[in-house]
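The chain contents come next:
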Amino acid sequence: MNLSLLILIPLLTAAAVLLMRNAAQVRWVSLLGASAQLVLAFVLLFLFNQQRAAGNTAQMLFETQYNWFPSWNISFHLGVDGISVAMILLTAFVVIAGVLVSWNVTKMTKEFYFLLILLSMGAYGFFISLDLFILFFFLEIAVIPKYLLIGIWGSGKKEYAANKLALMLMGGSALVLVGLLGIYFSGKEHSFDLMKLAALNIPLQIQMICFPLLFAGFGVFTALFPLHTWVPDGHSSAPTAGSMFLAGISMKLGGYGCLRVATFLMPEGAKEYANIIIILSVIAILYGAFATMMQKDLKYINAYSSVSHCGFVLLGIGMLTKTSMTGAVMQMVSHGLMTALFFAVIGMIYERTHTRQVSEMGGLLKRMPFIGTVLFIVGLCSLGLPGLSGFVAEMTVFMGSWQHPDTFRRIATILACLSIVVTAVYILRAITKTAMGPLKEGFELLTDATWNEKLAALILIAGIIAIGIAPFWLNDLIAPGAEVIMQKLAIPK
Amino acid sequence: MNEMLTLMKPELVLTGIIFLLLFIKLGKGMKNETLLLLIQVLLLLNFISGFFFNAEGTLFGGMYQTTGLMVLQKNILNLGVYLISLLFADWFKKSEHMPEFFMLMLSALLGMFFLISSGNLLMFFLALELSTIPVAAMANFDLEKRRSSEAGMKMILSSAFSSGILLFGTSLIYGATGTISFAEIPFHLNGSPLQILALVFLFSAFAFKLSIVPFHLWTADVYEGSPVATTAFLSVISKGAVAFIFMATLYKVFQPMQAIWYNLIMILAVATMVIGNLFALRQQNIKRFLAFSSIAQVGFILVGISSNSTDGTTSVVYFILIYIFSNLAAFGVAAAIAAKANRENIDDYKGLYQSNPFLSWVLALALFSLAGIPPTAGFFGKLFLLTAGASKGSYLFIIIAALNMIISLYYYLRVVRSVFMDKNDLPMEKIQIEPSAKLALIICSAGIILVGLLSWIYDYIQNLV
């Protein structure tokens, strides 16, 4: 399979969106494009598993390479392993759900969908690139659509949030850029090629400088404490689909970058800085959870809980065992689906009640059984109920972390585990207050979800349950990818 | 004679156009519209001719030299001037003295051509004067405006001052090395204090022209006061030409003193980026805003120049090509708005997208390119400048440059935010754009998108270096 299709299809969809004449056409074209992405993602999964079953053990499959700026040794080099395939699946799920829940956007519909599709192109490109230059290119492509989506279609302090997000993410990219340049000049033959660099074994002193730059840079995207401050503002000001993309896809770019670029290329740096990563991620997990307890706005609740949940991703990477890294990737997929669904539900509720304050709501389940049920499912997934994806992912991270016998990592794991209790408190409090109890006045005439909202929710729920009930397929997909990173880590200095 | 014709083709064609304009002016028989169309066609032909019958060699005993790269650099400037003639059609048509303006502009361009091709300090000085003095007259061209006269005055004074410094530096070089030929100077350089002093003087003169901090003080006032066509010419064409020759001088003539000028450039690049960016943060007038942002851009060009390698040369030429498209697009939009709605403040741009989506998208694209955001060409331009600069291994320098990209993003986004997000009770009316200006804006936008993605353009430049 030619991986360029994953970039071409969003690109063509975006171009087609621009040519459409009215909002209805724009919507249907976007939906068509998003469905094509989803089909493509499944075809990729199928072909990938087929290749692996046939005994193809190459680290990256479906590699394609085109020359691009040969004088800098930059090539358009694409390829996927299991981790990338998982992330691509996640992206496709979130994109189609995002397109569906935005059905009622009336303000500048064409521009809205154009930016949404452009953003998805950036994410696909990022997950499949094996050349650090184009990886960086796609990382930055995604920044401006986010800025405009929040600034134009957002609510509340949208300009402030958009500015903060764009500047902080660009700050992260700047760190990444310097780190990448450091890697580029580290070998005799200057190269941005991930596979070549991995074979090269980057010199130790360069790893010591470049690893923190790259990890912190990507960390900004995935809410590494204390660089997470854009998350609450950005998520809560963004329009529904914008929040879904931000939390569901964009934060995962950072996690993927930390794993694929920072840890894979610079294992010595990762070992050296592992303790700091663990401390910061445990702080993020606990701080995020406690901060969520204090929130009264549903979007802020999910935004802060994203900080906490993404902490597990970084904790899994920082623990540097095969299981914990597999868990980190599973947590990325699980959290992506879950948080996208959560934001979608919040959007649906807000569209009807025109409030996001928990205290102003009650009894929604009576008038809106579908939306209420979805709210329960997503809440239970967030607090880690077995049978849903959240449990599987967090459990895997804990198991991987517990494999270390030393006290420091044991304590860190226990502290991280404690957050689950806090999560249960805030999630249960929020959803019971919202969905149960007596119906608030003025809510008598509310209607339940429309077909597009139902479809969006069902697609995401299908993903969550598919991982929750049968986690093995995802585990088998990711684990070989984590194994390669472990092999790099095992090489002595 | 034949050799001279081919080697000096860019200069000769340009001189021909200037004389043609002079005759037309004397004949007094043409309306502004027709004449402008004729000029645009001539400049387009001039640009196209730059791709054919090119040769390399030297003339007049080494005073004049030309290579494929120099021809390309001249042609990049040709392209810029052609775009200027399209973009500001509105202003040109209203102007009583349009032919004179073009004569002045093309004379300055001719000066820049000789500057690029000069192989000798005398030739260099003559060319520099030719490229500067007409620009002062151009700055003064809005005859009824006081600010325009002020701009002309400031321009001529600061130019005269920097020419004086340059001349002093030249005489010191002659004193220290005994020659004025670019080819021979490097053999006599040994880093003696006198030579360092000469380098510093020459460097300062360049810094004036490029508005490198701390020699930038004239820039904002001149940019704001001048007619917008002049501002565009100054900030794009003039900067581009001086950057080319600055780089060539440092790389070829002062190669033996590389260790000295590397530090100089590094410090000045940091100062230029930081100061340019910090001042741009506070600007309200769009022309002043672009002036300070262009100062910051020069800081990035210096990062590329500091690399002292073929990669550096290529990426600087490449960046200037991109910079021409991006900055001219921004000036073009500003000019269209200033001409029709008579507004120049960033706050006036609020809600522009509602009434003028085309102008808004072009402006956004231009600003993203200046900020270095993919997929615009500016991303590639800036990244290659930084990569070239990083090859020397001074990471602190590169980190400062990267941080400056964030500061600059802040103020570019401020304009984008005004255009797309802010509400305005008195939104701007729909602006009718001149067809030729529209064509130029489309060319610029296409350039902004394609020059980066099409990597063969970079390779083409690389092959000429």
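Quick look at the structure, then.

What counts as what
- Residues numbered from 1 in each chain as written.
- Chains lettered and ligands numbered in written order.
- Predicted model: local features only at pLDDT ≥ 70, side-chain atom pairs only at ≥ 80, totals over all residues.
- Heavy atoms only, no water.
- Salt bridge = Lys/Arg side-chain N within 4 Å of Asp/Glu carboxyl O.
- Helix = DSSP H or I, 4+ residues; strand = E, 2+ residues; numbered from the N terminus.
- Contact = heavy atoms within 4.5 Å.
- Buried area = accessible area lost by both parts, 1.4 Å probe.
- Polar contact = N/O pair within 3.5 Å; in protein donor to acceptor, adjacent residues only side chain to side chain.
- Buried < 20%, exposed > 50% of the residue type's maximum accessible area, 1.4 Å probe, protein only.
- Pairing = 2+ DSSP bridges.
- Phe/Tyr/Trp six-rings, centres within 6.5 Å; stacked < 30°, edge-to-face > 60°.
- Axes fitted to C-alpha atoms, helices over the stretch in contact; angles between N-to-C directions.
- Parallel < 35°, antiparallel > 145°, perpendicular 65-115°, else oblique.
- Left-handed = near helix turned anticlockwise from the far one by under 90°.
- Nonpolar A, V, L, I, M, F, W, Y, C, P; charged D, E, K, R; others polar.

### Let's talk about the pattern of salt bridges
For the structure shown, the criterion picks out 18 salt bridges over all chains. Taking the shortest distance from any N to any O, the salt bridge between Glu483 of chain A and Lys322 of chain A comes out at 3.3 Å. One end of the pair, Glu483 of chain A, is in helix α20 (residues 472-490); the other, Lys322 of chain A, is in helix α14 (residues 322-353), and 161 residues separate them in sequence. When the shortest N-O distance is used, the salt bridge between Arg409 of chain A and Asp406 of chain A registers 3.4 Å. In the salt-bridge network here, residues are joined through shared partners; they are Arg147, Glu150, Lys154, Asp221, Glu224 and Arg288 of chain B.

### Some words on the interface of chain A and chain B
Facing 31 residues of chain A, the contacting portion of chain B comprises 38 residues. For the chain A and chain B pair, buried surface summed over both sides reaches about 3,400 Å², with 79% attributable to carbon and sulfur atoms. Where chain A touches chain B, the interface holds 0 salt bridges. At the boundary of chain A with chain B, the tally comes to 4 residue pairs in polar contact (both at pLDDT 80 or more). Contributions of two or more residues to the side of chain A that touches chain B are made by α5 (132-141), α6 (143-153) and α7 (158-184) of chain A.

### Regarding the environment of Phe343 of chain A
Residues and elements named next belong to chain A. Assignment of secondary structure puts Phe343 in helix α14. Among the residues examined, Phe343 registers a relative accessible area of 0% and is labelled buried. Along the sequence, Phe343 and His235 sit 108 residues apart, while their C-alpha atoms lie 9.0 Å from each other. The residues touching Phe343, leaving out its near neighbours within four places in the chain, are His235, Thr240, Ser243, Met244, Ala247, Lys299, Asn302 and Ala303.

### Focus: the pairing of strand β2 (residues 75-80) of chain A
Residues and elements named next belong to chain A. Across the 6 residues that make up β2, a large majority, 6, are buried. Of the two faces of β2, both are covered, the one formed by Ser75, His77 and Gly79 as well as the one formed by Phe76, Leu78 and Val80. Relative to β2, strand β1 (residues 61-67) runs antiparallel, the two sharing 5 bridges. The residue of β2 that forms the bridge with Asn67 is Ser75.

### Overview of unusual backbone geometry
In this model, Val213 of chain B is joined to Pro214 of chain B through a cis peptide bond whose omega is 5°. Tracing the sequence through the fold places Pro214 of chain B in the loop between α10 (193-210) and α11 (217-225). In this structure, Pro375 of chain B follows Pro374 of chain B across a cis peptide bond, with omega equal to 5°. Mapped onto the fold, Pro375 of chain B is located in the loop between α17 (357-371) and α18 (377-390). The backbone phi angle of Phe69 of chain A is positive, close to 50°, even though this residue is not glycine. Here Phe69 of chain A lies in the loop between β1 and β2. Taking relative accessible area as the criterion, Phe69 of chain A reaches 0% and is therefore assigned buried.

### Observations regarding the packing of aromatic side chains
Inspection of the entire model under this criterion finds 66 aromatic pairs over all chains. For the ring pair Phe69 of chain A and Phe384 of chain B, a centre distance of 4.9 Å and an interplane angle of 70° mean the geometry is edge-to-face. Taken together, the positions of Phe69 of chain A in the loop between β1 and β2 and Phe384 of chain B in helix α18 put the pair across two chains. Of the two residues, Phe69 of chain A and Phe384 of chain B, neither departs from the other in class, the shared state being buried.

### Some thoughts on the packing of helix α16 (residues 369-382) of chain A against helix α19 (residues 451-469) of chain A
The angle between the axes and the distance between the axes are what describe a pair of packed helices. Residue and element names in this part refer to chain A. One can describe the packing of α16 onto α19 by two numbers: an axis separation of 11 Å at closest approach and a directional angle of 25°. Looking at the two axes, α16 sits roughly parallel to α19. Handedness of the α16/α19 crossing: left-handed. Contacts between α16 and α19 involve Phe370, Val374, Ile377 and Cys381 from the former and Lys454, Ala457, Leu458, Ile461 and Ile464 from the latter. Its residues assigned to classes, the contact of α16 with α19 comprises 8 nonpolar, no polar and 1 charged.

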